[in-house]
Amino acid sequence: MAQANPTAVTTPSLDDVWHDKKQLRTEILGGITAFFAISYIIVVNPMILADAKMPASLTMFSTIFVSVIGCMLMGIFADAPMILTPGMGVNAFFTYTLVVDMRLTWQQAIAVSIIGSVFYCIIAFSKLSQIISDGIPDSLKTGITVGIGVFLVQIGLQKAGLIKSGGSRSLLAFGSLADPSVILAIFGLVLSLWLFMRKVPGGFVISIAATTIVGLLFQIKGQTVPNASLGNLAHYGNIFMKGDFSQILTPKFLLAIFAMAMIQLFEAMGILEGMLPDKSKFKKSFEVSAFTTFLSGIFGTSPTVDAAESASGIQSGARTGVMSITVGIMFALSTFFVPLLSFVPQAAVAPVIIITGALMMEDLKGLDFAHLENWFPVFLIVVMIPFTGSVSTGMAFGFVSYPLCQLLTGHYKRINAVNTTLALAFLLTLVANTFLS
């Protein structure tokens with residue numbers, strides 16, 4: 001069975017794939033699968049940014065443009081199967097913390113994002129990135145992988161309608177089987193599982209297409225898309241390069257920059273550490289991620305992240321940057337065909353996300369469950385990522401607890417300068433977020 005985060009993987013190079021038709025087909029199908037798994041961001045990101053008073057008809061284009069650039073750079077320069085696109089969680093921080101709660105203008109929030117990404121770039125393009133990566137215990141890396149997997153399962157179940165808010169009774173509740181979209185999602189899940197277990201090439205793509213067709217036949221609608229008129233591009237200058245740096249030296253602004261930089265840095269580091277099939281590609285992937293995050297502010301959108309939905313392409317067999325390039329091309333084409341996304345119901349994509357997340361939980365088998373001090377920090381990461389909806393927050397709880405657990409059990413040699421520094425940085429991030437909220 002394929003693994004999302006194997007410890008030692010030999011992957012073909014970008015050049016090799018172009019001459020291997022079978023692997024090239026796998027990479028392209030993986031890219032198509034990953035695109036449909038993440039395509040909701042084209043619609044959802046502008047809707048969230050609209051609450052920050054940014055025009056959805058324009059941020060839809062900035063979301064697409066920066067995703068195209070990020071995926072292409074990731075594919076060509078890092079040769080890694082990762083999607084770069086404005087991220088869920090960080091866009092909520094951008095909108096609801098910086099703009100709504102702190103009452104910054106969206107232009108000032110853009111400036112916070114840009115400056116935060118500069119600090120991110122400094123670390124990414126220096127030796128610090130590899131030093132930090134090498135200093136993270138393997139158990140915590142496992143926790144990040146599994147935590148992201150559980151997070152994906154949660155996202156998939158919500159998109160399928162199988163779980164919903166429990167209101168005053170509970171945190172979550174079971175959806176209704178009377179809802180046609182839930183039945184459609186269950187059909188898609190069974191089909192996806194069957195195709196995956198039968199090792200059918202392109203099984204996820206086939207499942208998405210088949211479920212979409214069934215949904216159309218039974219008139220089960222997809223998502224509503226914002227105004228996608230290309231004529232709106234004439235007004236794109238209203239959000240391009242509009243960062244407002246006038247309040248840069250105020251305490252509130254500096255605190256916001258610190259929190260944003262930490263979110264950008266650790267979100268990317270966690271996802272890359274948890275999901276890259278070939279860890280030797282971490283450095284270049286991290287650099288591309290940092291640079292694209294900087295570009296996101298220039299283009300007029302919330303920061304980009306390495307999308308957890310990349311795992312759906314990796315689980316389909318993708319191992320190189322061809323997958324990322326394929327996703328970039330799909331994003332580019334979506335500029336002209338965004339309305340067509342409305343025909344793909346979330347119930348068609350949800351099964352792929354659920355199965356992908358489930359497969360990422362395989363890594364738990366390598367943990368040392370005989371000693372609580374080794375697996376309790378991992379446990380915190382695994383539960384806090386989905387419960388808080390933030391990779392960086394989940395990492396914070398795990399990384400802060402790791403040296404504490406080792407200290408309490410007398411394992412002083414396991415505590416080093418890197419994990420101690422990371423624990424303090426995460427603790428400061430949690431404190432900063434507390435004061436910002």
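The written sequence of each chain sets the order in which its residues are numbered from 1. For this predicted model, a pLDDT threshold of at least 70 governs which residues receive local features, and a threshold of 80 or more governs which side-chain atom pairs are given and counted, while totals over whole chains, interfaces and linings are taken from all residues. The side-chain values count all of the structure's non-hydrogen atoms but skip hydrogen atoms and water molecules.

Peer 1: Help me understand the overall build of the protein, please; the structure alone is not making it clear to me.
Peer 2: Helix and strand counts for the protein stand at 18 helices and four strands. Only the C-alpha atoms count toward the radius of gyration. The rule for a globule is 2.2 Å times the residue count to the power 0.38. At 21 Å, the protein has a C-alpha radius of gyration in line with the 22 Å of a compact globule built from 437 residues. Partly exposed describes any residue whose relative accessible area lies between the buried limit of under 20% and the exposed limit of over 50%, with all areas from a 1.4 Å probe on protein chains only and scaled to the type maximum. Among the 437 residues that make up the protein, the fraction classed as buried is 58%. Of the roughly 18000 Å² of accessible surface on the protein, a fraction of 69% belongs to carbon and sulfur atoms. A run of DSSP states H or I qualifies as a helix once it reaches four residues; a run of E qualifies as a strand once it reaches two. Both are numbered from the N-terminal end. Residue burial considers only the protein chains on display, and all accessible areas are found by Shrake-Rupley using a 1.4 Å probe.

Peer 1: I keep staring at the side chain of Thr 292 and nothing clicks. Help me out?
Peer 2: Structurally, the position occupied by Thr 292 is in helix H12 (residues 282-299). For this analysis, residues touch if any pair of their heavy atoms sits within 4.5 Å. Apart from residues no more than four positions distant in its own chain, Thr 292 is found in contact with Val 66, Gly 70, Leu 73, Leu 84 and Thr 304.

Peer 1: What am I meant to see in the confidence of the model for the protein here?
Peer 2: The predicted structure's coordinates, where accompanied by low pLDDT, should not be read in detail. One confidence number per residue, pLDDT, is output by the predictor and ranges from 0 to 100. For the protein, per-residue confidence averages 90 on the pLDDT scale, and residues scoring 70 or more make up 96% of the total. Here residues 1-8 scores under 50 on pLDDT; set against residues more than four positions off or in separate chains, the count is 22 contacts.

Peer 1: How do you make sense of the pattern of salt bridges when you look at a structure like this?
Peer 2: When charged atoms on two side chains of opposite charge get close, those side chains can pair. The rule for a salt bridge is simple: a side-chain nitrogen of Lys or Arg has to be within 4 Å of a carboxyl oxygen of Asp or Glu. Counting across every chain of the model gives four salt bridges. Measuring nitrogen to oxygen at the nearest pair gives 3.6 Å for the salt bridge that ties Glu 273 to Lys 141. A residue pair is termed long-range when its members are at least 10 positions apart, and Glu 273 in helix H11 (residues 251-275) and Lys 141 in helix H8 (residues 138-160) qualify at 132 residues. The class for Glu 273 is buried, based on a relative accessible area of 2%. Here Arg 414 makes a salt bridge to Glu 373, at a shortest N to O gap of 3.9 Å. Taken together, the residues Arg 414 in the loop between helix H17 (391-408) and helix H18 (417-436) and Glu 373 in helix H16 (residues 372-388) connect sequence positions 41 residues apart. Classification of Arg 414 by relative accessible area gives partly exposed; the value is 32%. Here Glu 373 falls in the buried class, since its relative accessible area comes to 10%.

Peer 1: Before we go on, may I ask you to explain helix H7 (residues 128-135) in this structure?
Peer 2: Turning to H7, its buried residues are Ser 129, Ile 132, Ser 133 and Gly 135. Residues of H7 that are buried sit in contact with helix H6 (106-124), H8, H11, H12 and H18.

Peer 1: In this structure, what is going on with the packing of aromatic side chains? I would like to understand it.
Peer 2: The geometry of an aromatic ring pair is captured by the separation of the ring centres together with the interplanar angle, meaning the angle of the planes. Working definition: rings of Phe, Tyr and Trp (its six-membered ring) pair if their centres are within 6.5 Å, and the pair is stacked with planes under 30 degrees apart, edge-to-face with planes over 60 apart, and tilted otherwise. As enumerated under the stated definition, the model contains 14 aromatic pairs in all. On the numbers, 5.6 Å between centres and 80° between planes, the contact of Phe 65 with Tyr 236 is edge-to-face. In this pair, Phe 65 sits in helix H4 (residues 56-78) while Tyr 236 sits in the loop between helix H10 (203-217) and H11, placing the two residues 171 residues apart along the sequence. Residue Phe 65 is classed as partly exposed on the basis of its relative accessible area of 23%. Chaining the aromatic ring pairs together yields one cluster made of Phe 61, Phe 65, Tyr 236, Phe 240 and Phe 299.

Peer 1: Quick question: what am I supposed to make of the environment of Ser 316 here?
Peer 2: Secondary-structure assignment places Ser 316 in the loop between helix H13 (310-315) and helix H14 (321-337). Separated by 120 residues in the primary sequence, Ser 316 and Phe 196 have C-alpha atoms spaced 8.7 Å apart. Non-local contacts of Ser 316, meaning those with residues more than four positions away in its chain, are made with Thr 26, Gly 30, Thr 33 and Phe 204.

Peer 1: Explain a nonpolar patch on the surface to me, please; I cannot follow it from the model alone.
Peer 2: Together, Leu 216, Leu 230, Leu 233, Ile 329, Leu 333, Phe 336, Phe 337, Leu 340 and Phe 343 give the surface a local cluster of nonpolar side chains, amounting to about 840 Å² of exposed area. Looking at the nonpolar patch, the element that brings in the most residues is H14, giving four residues. Using a relative accessible area of 42% as the deciding quantity, one classes Leu 333 as partly exposed. Like-charged residues within 9 Å of one another, or nonpolar side chains (Val, Leu, Ile, Met, Phe, Trp, Tyr) within 5 Å, are grouped into patches, provided each residue has over 30% relative accessible area and no salt bridge.

Peer 1: What am I meant to see in the packing of H4 against H12 here?
Peer 2: When two helices pack together, you describe them by how their axes are tilted relative to each other and by the distance separating the axes. Under this scheme, a helix contributes an axis fitted over its contacting stretch, all axes are lines through C-alpha atoms, and angles between N-to-C directions fall in the 0 to 180 degree range. Relative to each other, H4 and H12 sit at 160°, their axes nearing to 9 Å. By the angle between their directions, the pair H4 and H12 is classed as roughly antiparallel. Along this stretch, H4 crosses H12, giving a crossing that reads as right-handed. Residues Ser 62, Phe 65, Val 66, Ile 69, Gly 70, Leu 73, Met 74, Phe 77 and Ala 78 of H4 touch H12, and the partners they reach there are Lys 284, Ser 285, Val 288, Phe 291, Thr 292, Leu 295, Ser 296 and Phe 299. Roughly parallel means an angle under 35 degrees; roughly antiparallel, over 145; roughly perpendicular, 65 to 115; everything else is oblique. Handedness of each helix crossing follows the sense of rotation of the near helix against the far helix: counterclockwise by less than a right angle gives left-handed, clockwise gives right-handed.

Peer 1: I tried to follow unusual backbone geometry on my own but got confused; where do I start?
Peer 2: Most peptide bonds take the trans configuration, and most residues that are not glycine carry a negative phi. Even without being glycine, Asp 79 reaches a positive phi, approximately 50°. With respect to the helices, strands and loops of the structure, Asp 79 is situated in the loop between H4 and strand E1 (84-86). With a phi close to 55°, Met 241 is a non-glycine residue in the positive phi region. As for its placement among the helices and strands, Met 241 is situated in the loop between H10 and H11.

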